[in-house]
Amino acid sequence: MRKGNIVKRQEDFNRIIKSGFCIKNKNYVIYYEKNSLGYDKYGISVGKKIGNAVIRNKYKRKIRSIIDEYKKISQNSMNYIIIIRKNCLLLSYQEMKESLFELMISHYKNKERRDEKYKV
């Protein structure tokens with residue numbers, strides 16, 4: 001993942017979490033909002049309950065790898081904050097990937113429904 005595609009600032013994290021939309025499953029919570037940059041930006045959060053710094057960084061690397069694969073499939077000018085839940089520790093890399101892809105695809109379905117609902 002390139003440095004320009006990362007949400008780093010605490011203010012950005014807080015803004016996206018407070019004012020953005022939320023989708024979740026038993027492994028992840030994803031907050032998202034539209035941006036005007038023309039490309040997606042991602043922020044990854046792994047809480048201290050997941051484990052020590054080594055384990056948290058390991059899971060961040062796995063998520064970054066999954067995101068790189070996902071970016072090849074889709075780009076839609078959004079800011080995403082991905083929060084990893086503790087249940088993710090029990091999954092293999094492939095299961096993590098499938099779970100995250102499934103959640104992102106449900107995001108598109110919800111987005112289409114929401115856009116139709118507010119169409120004038």
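In this text, all values refer to a predicted model and were calculated from it rather than measured experimentally.

(A) Expanded view of the overall build of the chain. Each helix and strand counted, the chain has three helices and four strands in total. Reading the helices (α) and strands (β) of the chain from amino to carboxyl end gives α-β-β-β-α-β-α. With 120 residues in all, the chain has 42% of them scored as buried. Put simply, 81% of the contacts in the chain that link residues at least 6 apart link residues at least 24 apart. Just so you have it, the chain exposes about 7,600 Å², and 51% of that area is on carbon and sulfur atoms.

(B) Looking closely at the pattern of salt bridges. Under the criterion given, the structure shown has five salt bridges. Where Arg15 meets Asp12, a salt bridge forms, and the shortest distance between an N and an O atom there is 3.0 Å. A residue pair is termed a helical-turn pair when its members lie 3 or 4 positions apart in one helix, as Arg15 and Asp12 do in helix H1 (residues 10–19) at three residues. We classify Asp12 as buried; its relative accessible area is 16%. Measuring nitrogen to oxygen at the nearest pair gives 2.5 Å for the salt bridge that ties Arg15 to Glu33. You can see Arg15 sitting in helix H1 and its partner Glu33 sitting in strand S2 (residues 28–34), a full 18 residues away along the chain.

(C) View of the nonpolar core. Among the nonpolar cores identified, the biggest contains 24 residues, and Tyr28, Ile30, Ile63, Ile82, Ile84, Met96 and Leu100 are the most heavily contacted of them. Going through the elements one at a time, S2, strand S3 (41–46), helix H2 (53–73), strand S4 (78–84) and helix H3 (93–117) are the ones with two or more residues in this core. Setting aside anything within four residues of it in sequence, one finds Met96 in contact with Tyr28, Tyr59, Lys62, Ile63, Ile66, Cys88 and Leu91. Grouped together as the second largest cluster of nonpolar side chains are six residues, Val7, Phe13, Ile16 and Val29 included.

(D) Quick look at the packing of aromatic side chains. Scanning all chains against the criterion turns up three aromatic pairs. Taken together, a centroid distance of 5.2 Å and an interplanar angle of 15° make the contact between Tyr42 and Tyr80 stacked. Of this pair, Tyr42 sits in strand S3 while Tyr80 sits in strand S4; the two residues are 38 residues apart in sequence, bridging distant segments of the chain. By relative accessible area, Tyr80 is classed as buried at 0%. Within the aromatic cluster, the residues linked to one another by ring pairs are Phe21, Tyr32, Tyr42 and Tyr80. Across the ring face of Tyr59, the terminal group of Lys62 is positioned such that the distance to the ring centre comes to 4.8 Å.

(E) Quick peek at the sheet that holds S4. In space, the four strands of this open sheet follow the order S1-S2-S4-S3, with mixed pairing throughout. Of all strands in the sheet, those with a lone pairing partner are strand S1 (21–24) and S3, marking the two edges. Adjacent strand axes in the sheet meet at a mean angle of 20°, parallel and antiparallel pairs treated alike. By the bridge criterion, seven bridges tie S2 to S4 in an arrangement that is antiparallel. Paired with Val29 across the strands is Ile83, a residue of S4.

Criteria and cut-off values
Position numbers for residues start from 1 in each chain and track the written sequence from start to end. Totals for whole chains, interfaces and linings use every residue, but because this is a predicted model, local features are given only for residues with pLDDT of at least 70 and side-chain atom pairs only at 80 or more, for both listing and counting. Calculated side-chain values reflect all of the structure's heavy atoms, with hydrogen atoms and water omitted. Each helix is a run of H or I in the DSSP string that is no shorter than four residues. Each strand is a run of E no shorter than two, and both are numbered from the N terminus. Whether a residue is buried, partly exposed or exposed follows from its accessible area with a 1.4 Å probe, protein chains only, as a fraction of its type maximum: under 20%, in between, or over 50%, in that order. Two residues form a contact once any of their heavy atoms are found within 4.5 Å. Each accessible area is a Shrake-Rupley result for a 1.4 Å probe, and residues are judged covered by the shown protein chains and nothing else. Salt bridges are identified by distance alone: a Lys or Arg side-chain nitrogen within 4 Å of an Asp or Glu carboxyl oxygen. The definition of a nonpolar core used throughout is a set of buried Ala, Val, Leu, Ile, Met, Phe, Trp, Tyr and Cys residues joined through side-chain atoms within 4.5 Å. Between rings of Phe, Tyr and Trp, where Trp is taken as its six-membered ring, a pair exists when centres lie within 6.5 Å; planes separated by under 30 degrees are stacked, by over 60 edge-to-face, and by other angles tilted. We call a charge positioned over a ring when the NZ of a Lys or the CZ of an Arg lies within 6 Å of the ring centre and within 35 degrees of the ring normal. In this analysis, strands are considered paired if DSSP registers two or more bridges between them. Under this scheme, a helix contributes an axis fitted over its contacting stretch, all axes are lines through C-alpha atoms, and angles between N-to-C directions fall in the 0 to 180 degree range.

Don't take any of this as a statement about function, it's just geometry.
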